[in-house]
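# Fold and contact review
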Amino acid sequence: MSSAERFGGIAAWAARQARALLLATALVAAAAAVAASQLDTDAGTDTLVDRDSASFQATEDFRRKFGDDAVVVLIEGDLRRLVLTRNLGKLLRLEGCLSGNVPEGVKPLAGPCTELAESKPAKVVYGPATFLNQAVLGIESALGGQIQQTQGLAAQAARFAAKQAAAAGATKAEQQQAAKGAAAAVGQQFQARLLRVAANYGITRLPQIDDPLFVSQVVFDTRQPPGTPKARFAYLFPNRDSTLISIRLRPDLTESERSSSLGLIRDAVYDTTPRPRCQNRPCFELDGGRYVVSGAPVVVDGVAGKLRSALLILFAAALVVMAATLMLVFRSRLRLLPLALALAAAAITFGLLGLFGGSLTIASIAVLPVLIGLAVDYAIQLQARFDEAEAGGASGVEAARLAASRAAPVVGTACLATAAGFAVLLLSPVPMVRGFGLMLVAGVAIAFGLALTVGFAALSLREPEQRGTRNEERGTRNERLRARISDRVQTFGKHALAVSIESPGRVLVVAAALALTGWVAGSRTEIASDIRELVPQDLAEVRDLNELQDVTGVSGELDVTVRADDVTDPDLVEWMAGFRERVLQRHGFRGEFPSCKAAELCPGTSLTDFFGNPGQGLTSERIRALIEAIPAYDSQAVVTLDRDTGAPGDTTNMSFGIRVMPLDEQQDLIEDIRGQIDPPGAGNGPPPGAEVRLAGLPVLAAESNSALSDSRYWLTLAGLLAVALALLAVYRSATRALVPLIPIVLATGWSSLVIAASDIPLNPMSATLGALVIAISTEFSVILASRYHEERREGRSVGESLRRSYSRTGAAVLASGLTAIAGFGTLVVTVIPGLGAYDFPMLRDFGFVTVVDLGVSLLGVLLVLPAVLVWAEAGFEVRGVPLPRRLAALRR
């Protein structure tokens, strides 16, 4: 049995079971839509790079040990007013609220603080008040230890003195006197040491967090202008006008838990509800200061939420536009049936995603408009052939069988070629793109299956056309408008087709010249990758990110982890200090404020901050003692600790504050940092056995963008090869496989030329669009070329075969192409009436690039394919521009 007979049999069966099939499909689609609506979103780092990549493994290891990327609370205001007044107590309460740590016997503040205390989403919170409070506790603990040690030494000295006095024959009273004197001498020595320390550091009383003198001595650099914080505390006090609280969330939180936790953090920081325990005032309200919540997790969550809502709005708008386009350009009854089938295919595809445990990413959401456009196309092509069969006298089951036997092999071939083009995306180095390709492969198969079965089932039930009714319908305003548009399109099409038939060589030469110009221009097209340029500028999270960077000079964090068998090795500590200094100096930080605002990198937390000047007299024992003396709350941000003993673990961390920048520049920065791990020159590398890795979202985002850019061209070439192989497998003819691809190849150059001329930059969503457009546009070319060969097999001339193909199948191709373009065109619109303002540059530019590519590809098929077909009839001869003589008769 031939493929035509098999497809005809399937369509006939569907027509005979029409009502039952339609009901079953409606139920399945509805259930799938419900399942799809329950899909979780996934903005995880495993969508950017492979799980087995070195950077992903380093980032996951960092998060397990030190927590997730930091949420940052910026506190703006005069730094002296923030830390030398009652504001510091309010900051201490806020940091305790955010950490979920409540003192024993004290109830947490009502509202978001109570929920944070119950869920405890934070792994670590470090801010100015906690830092200073831990400093006080550390000094008190150290002083208490020294006092206990002095008391022990005094008791020991007293016993020794009494023993010596007894040996000398002294009385009991004299022995006691000698013991008291010895103990007093030890105490006096201790007091003398304390006085020397106090004199050196200007300490006049026991440190307290509410002591402005003590806080000033810890925070401010007396060598700089008043109010200038110490450079080594830049991660807490970036300048004279701000301070920062950093919250690292637990890495085991789900996406929904993380989003909920971010909401609680915002609610807690901005809580304006008066509390009795705060004298009926908001507990965290500052005198002369204000809060801003930002950081990478906040921005990602905000952008994802905005993207989801924007896509829902645009999806609704696209449906309206596509429905209107179908009503206008598709000359068939049940004009909206292709759109209904497309929605069913999309629902089932996304329902299957949920069934197999998948989740929504930005890329998988973008599957929706592509899949709907393709599904509409398949349905239109089959429905157009059903109309032809019906016009020839067949109806119902027989019309479905005839239409399927004639059109389904061709549409199926186009579907196979499209799926092959999409399958190339599975070779992408970016997991998100691979998931995008896999969903499209499954989606086009489902769409074709529904068009072949459910589509013909619905068509078989429609009533035979009544001439009188049809004639009355032609008199309506819409039909007259449709007729005028159709006449103009047909007139233009006839002229263009005539040029292609008469002078195919000239057409191809001009097309190739334009394509070559476009390829050259496209290599210079800018790829925008600064997140702030790709998302709505009115997004609160973006405004806050800009404010964070404007005030502090940084807006994110890049981490460098060092793993070694012994992190207390003096050589390792000395190397870490040297590495950190080299990196900071190479990227603009000189330790003089406001250096962070001018530098690419700013110092973050590091274990070496606790050692003064590493390399001068430090031993492993001294380093270990210093680490163990650091309060666990502070040390957990820079070194792993043994849970039982508190001894140093095997990993330490150095962090750097980083600015928002284009991702290609960010990748260059990261590579330069990697180059400083073991730079040229003796003795600059880490000690043997130490493993140094870069981690964090900036590393993963830059790597993903680099992978997308690097794969941009070879994925396009691979897509062409995959489509060619698929067509070759079906046609068993190199000519038949090659001809449909020539217009598509040329169209890639034309679209590059249009995009370069329009000065619209590419972005991470559109940089790999070449493979996508090839997969979509190939269908137009395959369907028209197949119809042409069908006409030629019936004995018609080249010219007549082309005219018949374009007047019948060409109209359906134009309708489906315009419908898909109209759907993507809604992405370009910045204001949607009735739905308010919409401005998402990443989607807008993606939509523009897609419209250009699809539009140019459609024109390439309609204008250049006839010339290629005529050229193929001439055996692909290149001598001379006019047609060879042996085709002169055939072209008429």
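Whatever comes next refers back to the structure up there.
Residues numbered from 1 in each chain as written. Predicted model: local features only at pLDDT ≥ 70, side-chain atom pairs only at ≥ 80, totals over all residues. Heavy atoms only, no water.

## Here's the deal with the nonpolar core
By size, the foremost hydrophobic cluster in this structure holds 144 residues, and its most contacted members are Tyr-378, Phe-422, Phe-456 and Leu-802. Counting residues per element, this core draws most heavily on helix α16 (residues 431-461), which supplies 17 residues. Not counting residues within four places of it along the chain, the set of residues in contact with Tyr-378 comprises Val-411, Cys-415, Thr-418, Val-444, Ala-447, Phe-448, Ala-451 and Glu-779. Ala-122, Val-269, Phe-611 and Ala-702 belong to the second-largest nonpolar core, a separate cluster that totals 88 residues. (Core = buried A, V, L, I, M, F, W, Y, C linked by side-chain atoms within 4.5 Å. Buried < 20%, exposed > 50% of the residue type's maximum accessible area, 1.4 Å probe, protein only. Helix = DSSP H or I, 4+ residues; strand = E, 2+ residues; numbered from the N terminus. Contact = heavy atoms within 4.5 Å.)

## Observations concerning a negative patch on the surface
A contiguous patch of negative charge, built from Glu-526, Glu-533, Glu-600, Asp-664, Glu-665, Asp-668 and Asp-759, is present on the exposed surface. Structurally, Asp-759 is set in the loop between α30 (741-758) and α31 (769-793). Asp-759 sits in the exposed class, given a relative accessible area of 66%. (Patch = residues over 30% accessible without salt bridge, like charges linked within 9 Å, V, L, I, M, F, W, Y side chains within 5 Å. Areas by Shrake-Rupley, 256 points an atom, 1.4 Å probe, with all protein chains shown as cover. Salt bridge = Lys/Arg side-chain N within 4 Å of Asp/Glu carboxyl O. Lys, Arg positive; Asp, Glu negative; His and termini not counted. Charge placed at Lys NZ, Arg CZ, Asp CG, Glu CD.)

## Details of the state of the cysteines
In total, this model carries one disulfide according to the counting rule given. Through a disulfide, Cys-97 is tied to Cys-113; the S-S separation comes to 2.0 Å. The disulfide joining Cys-97 to Cys-113 has a torsion of about -100° about its S-S bond and is therefore left-handed. Here Cys-113 lies in helix α6 (residues 112-119) and Cys-97 lies in helix α5 (residues 87-99), a separation of 16 residues in the sequence. Comparing Cys-97 with Cys-113 shows no difference in burial state: the two are buried. (Disulfide = S-S within 2.5 Å.)

## Digging into the packing of aromatic side chains
Under the definition given, this model contains eight aromatic pairs. Geometrically, the ring pair formed by Phe-7 and Phe-448 is edge-to-face, given 5.9 Å between the ring centres and 90° between the ring planes. Placement of the pair is Phe-7 in helix α1 (residues 3-16) and Phe-448 in helix α16, with a sequence separation of 441 residues. Both residues of the pair, Phe-7 and Phe-448, count as buried. Consider the rings of Phe-131 and Phe-237, whose centres lie 6.4 Å apart with planes at 70°: the pair is edge-to-face. Within this pair, whereas Phe-131 is found in helix α7 (residues 128-167), its partner Phe-237 is found in the loop between α9 (212-219) and β3 (242-249), the two being separated by 106 residues in sequence. For Phe-131, a relative accessible area of 14% puts it in the buried group. What links up through ring pairs into an aromatic cluster is the set Phe-7, Tyr-378 and Phe-448. Taking the ring centre of Tyr-731 as reference, the NZ or CZ of Arg-736 above it sits at 4.1 Å. (Phe/Tyr/Trp six-rings, centres within 6.5 Å; stacked < 30°, edge-to-face > 60°. Lys NZ or Arg CZ within 6 Å of the ring centre and 35° of its normal.)

## Quick look at the side chain of Thr-568
On the secondary structure map, Thr-568 appears in the loop between β5 (556-563) and α22 (570-586). Judged by its relative accessible area of 1%, Thr-568 falls in the buried class. At a separation of 2.4 Å, a polar atom in the side chain of Thr-568 contacts the side chain of Asp-566. Dropping the residues within four chain positions of it, Thr-568 is found in contact with Ser-620, Ile-623, Arg-624, Ile-627 and Pro-648. (Polar contact = N/O pair within 3.5 Å; in protein donor to acceptor, adjacent residues only side chain to side chain.)

## A few points about α6
Buried within α6 we find Pro-112, Cys-113, Leu-116 and Ala-117. Buried residues along α6 cover an arc of 140° about the axis, so they all sit on one side. Looking at the buried side of α6, the elements it contacts are α5 and α10 (255-269). Once α6 ends, the next one or two residues include Lys-120, with phi positive near 45°. (Arc of directions from axis to C-beta.)

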